[in-house]
Amino acid sequence: MTLPPAGVAARNVIEPMLPRPFRVSARRAETADTVTLEMEPDDGPGLAFTPGQFTMIYVFGIGEVPISISGSPQDPKTLVHTVRSVGAVTQAIVGLDVGDPIGVRGPYGSGWPVGRAEGRDVVLVAGGIGLAPLRPVLYAVLANRERFGAVSLVYGSRTPADLLFGDQLHIWRSRFDLEVEVTVDRSDEHWFGDVGMVTGLLPRISFDPANTISMLCGPEIMMKVVARELEMRGLAPDDIHVSLERNMKCAIAFCGHCQFGPDFLCRDGPVLPYSHVAQRLTVTGL
Amino acid sequence: MNLQTLRESSPLLAKLSNTELEFFESVSSVVGLKSGEILFEEGGAADTFYIVSEGRVGLEMTSPGKAPMVIQTLGPGDLVGLSWFFAPHRWNWRARAVGDTTVVAFDAAEVRRRCREDRDLALEVLGVVSAELAARLHRTRIQLLDLYKAP
């Protein structure tokens, strides 16, 4: 991992709420409401990060939101985020163009257990925009493919038009060392893939339940249902990891907006073992 | 086709004893389907049921003037068709191969007859079909929540 220069690190300690200036260097429309932005810093080196971490993205004059990093940890020079327009700030981010300035704080939070997954089978299950925070795991695993057992990605989307990273999905599917299953909730006449929920595809993928790490990212109900299904297939709850979101504001475990039971998700999460949160995921109001 | 090879992926075949499996084998045949070929039509007699061996089968609802709507796809090991087990034994959906597909077809009338004679077998089959119904209902309920929609 590349450490930031002493000046940047010191500034983060002294002024943890001060964003670093970045600039959009590339923009790609993924779907009607989702874009992937590449950003590069104006003031020094890029951000070294662990897959699963997030940054706080600040659109000057509008506001700040937490967004998971969707780029490759092998290329920390370029910060990549995939953002869906769901509110005022994300709408502004989606509207950014190449050359536009943006503020970035972070990276923050816990990452996916990629190191723990070495020597084991890896099952990634993503739903909707949840593929974006899992993409860095795939980059990391594929960069050192020989260190892992069977690797599979199961991805569910609302419709074919909502699928993220279409070109990459085709490339990933063509690999012999990666099993990729994709399904949609609602098909159209041009769709020749699967239709149905992601859990329906789990019986098709190969993994040894006693030696598998699974990482789930998507709507909480989806993750809960998938985690239960994986448990039924023999995975230990400690080997199932989920990424949770709450209303993160400060990202430094100070404001408490992202409190989820005893955890501050900005610091203790967003990635947590399912065993740690399974009971809480059934509590209304948390 | 030797049904033993399908046993691992098929919840129905996995439940059967060797004797029961031999009976199922005696009323089965392998069917190869080209992509787009129709396995059964909505409203038709459910006198055969299937287990996917290779490929995929889509369950579709049709409507005049509209493209068929696929509501679910079934893959290797999955049971295609549940209506064969319940009166009036009529298909509620159309089933069509999505890509080149191989299925094993079973004579549903023979299996029902055997179930009437052998209550243990009937209970096993009922258990599997009910579990499949419950799983499909569960998934359908989750799909109805439209979880991937923008908040």
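Residues numbered from 1 in each chain as written. Chains lettered and ligands numbered in written order. Predicted model: local features only at pLDDT ≥ 70, side-chain atom pairs only at ≥ 80, totals over all residues.

1. Observations regarding the overall build of chain A
Here is step 1: Across its full length, chain A carries six helices and 15 strands.
Here is step 2: The globule rule puts the C-alpha radius of gyration for 286 residues at 19 Å, and the 18 Å found for chain A is close to it.
Here is step 3: Out of the 286 residues in chain A, the part that is buried amounts to 45%.
Here is step 4: Sequence separation of 24 or more characterises 71% of the internal contacts of chain A that already satisfy a separation of 6 or more. (Helix = DSSP H or I, 4+ residues; strand = E, 2+ residues; numbered from the N terminus. Rg over C-alpha atoms; globule rule 2.2 N^0.38 Å. Buried ≥ 20, exposed ≤ 12 C-beta atoms within 10 Å, placed from the backbone. Contact = placed C-beta atoms within 7 Å.)

2. Description of helix 3 (residues 131–143) of chain A
All names here are of chain A.
Here is step 1: With 13 residues, helix 3 extends 18 Å from end C-alpha to end C-alpha; this agrees with the ideal 18 Å at 1.5 Å per step.
Here is step 2: A large share of helix 3 lies buried, amounting to ten of its 13 residues.
Here is step 3: The complete set of buried residues in helix 3 reads Leu 131, Ala 132, Pro 133, Leu 134, Arg 135, Pro 136, Val 137, Leu 138, Ala 140 and Val 141.
Here is step 4: Looking at the buried side of helix 3, the elements it contacts are strand 4 (63–68), strand 5 (79–84), strand 7 (121–127), strand 8 (151–157), strand 11 (212–217) and strand 12 (240–243). (Expected span 1.5 Å × (residues − 1).)

3. Considering the sheet that holds strand 15 (residues 271–273) of chain A
Residues and elements named next belong to chain A.
Here is step 1: The seven strands are arranged 10-9-8-7-11-12-15 in an open sheet whose pairing can be described as mixed. The open sheet has two free edges, formed respectively by strand 10 (194–195) and strand 15, since each of these has just one partner strand.
Here is step 2: The sheet contact formed by strand 11 and strand 12 spans three bridges and is parallel. In the strand pairing of strand 12, Ser 214 is matched with Ile 240.
Here is step 3: Along the sheet face, helix 3 touches strand 7, strand 8, strand 11 and strand 12 and points at about 155° away from the line of strand 7. (Pairing = 2+ DSSP bridges. Axes fitted to C-alpha atoms, helices over the stretch in contact; angles between N-to-C directions.)

4. Examining the domain arrangement of chain A
Residues and elements named next belong to chain A.
Here is step 1: One can read the domain layout of chain A as domain 1 (6–108) and domain 2 (121–282).
Here is step 2: Just the C-alpha atoms count here: the centres of domain 1 and domain 2 sit 22 Å apart.
Here is step 3: Taken residue by residue, the interface counts 23 residues in domain 1 and 21 residues in domain 2.
Here is step 4: For the side of domain 1 that touches domain 2, the elements supplying multiple residues, two or more each, are strand 3 (54–59), strand 4, strand 5 and strand 6 (101–108).
Here is step 5: Examining the composition of the side of domain 1 that touches domain 2, we find that three residues originate from one element, strand 6, more than from any other. (Domains from an automatic or database assignment.)

5. Focus: the interface of chain A and chain B
Here is step 1: Across the boundary between the two partners, chain A contributes 24 residues, which contact 22 residues of chain B.
Here is step 2: Mapped onto the side of chain A that touches chain B, the elements with two or more residues apiece are strand 10 and helix 5 (220–232) of chain A.
Here is step 3: At three residues, helix 5 of chain A tops the list of elements feeding residues into the side of chain A that touches chain B.
Here is step 4: Tallied by class, the residues present in the side of chain A that touches chain B amount to nine nonpolar, seven polar and eight charged. (Nonpolar A, V, L, I, M, F, W, Y, C, P; charged D, E, K, R; others polar.)

6. As for the pairing of strand 3 of chain A
Residue and element names in this part refer to chain A.
Here is step 1: Across the six residues of strand 3, six count as buried, placing the element largely inside the fold.
Here is step 2: Linkage of strand 3 to strand 4, two consecutive antiparallel strands, is achieved through a turn of three residues, within which Gly 61 is found at a positive phi near 85°.
Here is step 3: Two strands pair when backbone bridges link them, and strand 3 and strand 6 are joined in this way by four bridges, in the antiparallel orientation. Residue Phe 54 lies in a different strand from strand 6, and its bridge partner there is Tyr 108.

7. A few points about the environment of Asp 239 of chain A
Here is step 1: Residue placement: Asp 239 of chain A occurs in the loop between helix 5 and strand 12.
Here is step 2: Judged by the 25 C-beta atoms lying within 10 Å of it, Asp 239 of chain A falls in the buried class.

8. A word on the nonpolar core
Here is step 1: Formed by 48 residues in total, the largest nonpolar core has its most connected members in Leu 124, Val 137, Leu 216 and Val 226 of chain A.
Here is step 2: Within the residue set of this core, elements represented by two or more residues are strand 7, helix 3, strand 8, strand 9 (179–184), strand 11, helix 5, strand 12 and helix 6 (274–277) of chain A.
Here is step 3: A total of seven residues in this core trace back to one element, the largest contributor, which is helix 3 of chain A.
Here is step 4: If sequence neighbours within four positions are ignored, Leu 216 of chain A has contacts with Val 125, Met 223, Val 226, Ala 227, Ile 240, His 241 and Val 242 of chain A.
Here is step 5: Core analysis: the second largest hydrophobic core is formed by 33 residues, Ile 51, Phe 85, Trp 91 and Ala 97 of chain B among them. (Core = buried A, V, L, I, M, F, W, Y, C linked by C-beta atoms within 7 Å.)

9. Digging into the environment of Glu 8 of chain B
Here is step 1: Within the secondary structure layout, Glu 8 of chain B lies in the loop between helix 1 (4–7) and helix 2 (11–15).
Here is step 2: Taking the C-alpha atoms as reference points, Glu 8 of chain B and Gly 77 of chain B, separated by 69 residues in sequence, lie 8.0 Å from one another.

10. Points about the pairing of strand 4 of chain A
All names here are of chain A.
Here is step 1: Among the six residues in strand 4, five count as buried, and that is most of the element.
Here is step 2: Bridge analysis of strand 3 against strand 4 gives six bridges, and the strand direction is antiparallel. Counted as the bridge partner of Phe 54 is Ser 68 from strand 4.

11. Some points on the sheet that holds strand 5 of chain A
All names here are of chain A.
Here is step 1: With respect to topology, six strands assemble into an open sheet ordered 4-3-6-1-2-5, the strand pairing being antiparallel. Unpaired on one side and paired on the other, strand 4 and strand 5 mark the two borders of the sheet. When strand polarity is set aside, the average angle formed by the axes of neighbouring strands in this sheet is 40°.

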